[in-house]
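# Inside the fold
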Amino acid sequence: MHDDELPADMMPAQPHLPAEGAVSGQQAKPDIEVPMEDILLIRMGEQPFLIRAHDVSEIVRPMELTPVPMAPDHLLGLANIHGQIVCIIDPCAVLHLASDRHPPSVHTRFLILRHPRMHVGIWVEEVASIFRIAASEVPGETTDDEQQNIVRGTMTLEQKQFDLLNARALFH
């Protein structure tokens, strides 16, 4: 019986040949490695927004909030997350977006934002998707003058235009 007459599961294994130009025992490396960044598509109120995954330290399911007397309207309350007290804010109130605050749904999440000293989270109706895109396509870091701008820039994903949130501005 010849090799071409053997059943597929009995065919001899093909020898592994190194990629062209690779030294034996080493894998060929791509010429250029493009830095990538993860971007979350979230829904706040009825509007979609993007936020850099790097700006988010954790995504948690909503929990009971402790109200803060005489707090500003955008402060929804305090949450105890892993023993850490976190201020949960309503980004719709900060952005002056129309929003009916409904009880949490199965999609509602708190996004805990990354900051060296402050513990702040935002209430989002949904984390819809995560995209991995080339870092060069993400609007650059904001300057001191632009720190107060809540929207960092716009991006087109899946042929739709979205505002990219400036997470740092939510701390001011």
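Located above this text is the structure these notes cover.
This part takes up the overall build of the chain. Each helix and strand in the chain was counted, giving 1 helix and 10 strands. Along the chain, helices and strands appear, N-terminal first, in the series β-β-β-β-β-α-β-β-β-β-β. Within the chain, the proportion of its 172 residues that are buried is 34%. A fraction of 54% describes how many contacts in the chain between residues 6 or more apart in sequence connect residues 24 or more apart.

Before going further, it helps to examine the environment of Val 106. Checked against the element boundaries, Val 106 lands in the loop between helix H1 (91-95) and strand E6 (109-113). With a relative accessible area of 65%, Val 106 lands in the exposed category. For the pair formed by Val 106 and Pro 62, sequence separation is 44 residues and the distance between their alpha carbons is 9.2 Å.

Applying the stated criterion to the full structure yields 5 salt bridges. The partner of Arg 132 in a salt bridge is Asp 38, with the nearest N and O atoms 3.1 Å apart. With Arg 132 in strand E8 (residues 126-134) and Asp 38 in strand E1 (residues 36-44), the pair connects residues that are 94 residues apart, well separated along the chain. Between Glu 126 and Arg 43 there is a salt bridge, with the nearest N and O atoms lying 3.4 Å from each other. Here Glu 126 is found in strand E8, whereas its partner Arg 43 is found in strand E1, with 83 residues between them in sequence. Under the relative-accessibility criterion, Arg 43 is labelled partly exposed at 24%.

This paragraph deals with the pairing of strand E7 (residues 120-124). On a regular strand, one side chain projects to one face of the sheet and the next to the other, so that they alternate. Of all 5 residues in E7, 5 are buried, a share of seventy percent or more. The side-chain alternation of E7 yields two buried faces, one formed by Val 120, Ile 122 and Val 124 and the other by Gly 121 and Trp 123. By the bridge criterion, 3 bridges tie strand E5 (residues 84-89) to E7 in an arrangement that is parallel. Bridging across to E7, Ile 89 finds its partner in Ile 122. Pairing between E6 and E7: 4 bridges, direction antiparallel. Within the sheet, the bridge partner assigned to Leu 111 lies in E7 and is Ile 122. The antiparallel pairing of E6 with E7 creates a hairpin that spans 6 residues between the two strands.

The next thing to look at is unusual backbone geometry. One non-glycine residue with positive phi stands out, namely Glu 158, at about 50°. Looking at where Glu 158 falls in the secondary structure, it is placed in the loop between strand E9 (151-157) and strand E10 (160-165). On the basis of relative accessible area, Glu 158 is assigned to the exposed category, the value being 62%. Positive phi outside glycine occurs at Gln 159, with the angle close to 60°. Looking at the element boundaries, Gln 159 is found in the loop between E9 and E10.

Turning our eyes to something else, we now look at the sheet that holds E6. With respect to topology, 5 strands assemble into an open sheet ordered E3-E6-E7-E5-E4, the strand pairing being mixed. Of all the strands in the sheet, just strand E3 (56-60) and strand E4 (75-81) have a single pairing partner and so form its edges. The mean angle between the axes of side-by-side strands here comes to 30°, regardless of whether they run parallel or antiparallel.

So, how was this worked out
- Here the residue numbers are simple positions, counted from 1 along each chain's written sequence.
- In keeping with the predicted nature of the model, local features appear solely for residues at pLDDT of at least 70, side-chain atom pairs appear and are counted solely at 80 or more, and the whole-chain, interface and lining totals rest on all residues.
- Side-chain numbers here rest on the full set of heavy atoms in the structure, without hydrogens or water.
- Each helix is a run of H or I in the DSSP string that is no shorter than four residues. Each strand is a run of E no shorter than two, and both are numbered from the N terminus.
- Exposed residues in this analysis have more than 50% of their type's maximum accessible area, buried residues have under 20%, and partly exposed residues fall in between, with area computed by a 1.4 Å probe over protein chains only.
- Contacts: residue pairs with any heavy atoms within 4.5 Å of one another.
- Take a side-chain nitrogen of Lys or Arg and a carboxyl oxygen of Asp or Glu: if they are within 4 Å of each other, that pair is a salt bridge.
- If DSSP finds at least two bridges between two strands, the strands pair.
- In this analysis, axes come from line fits to C-alpha atoms, helices being fitted only over the stretch in contact, and the angle between any two N-to-C directions falls in the range 0 to 180 degrees.

By themselves, these are just geometric observations and shouldn't be taken as functional.
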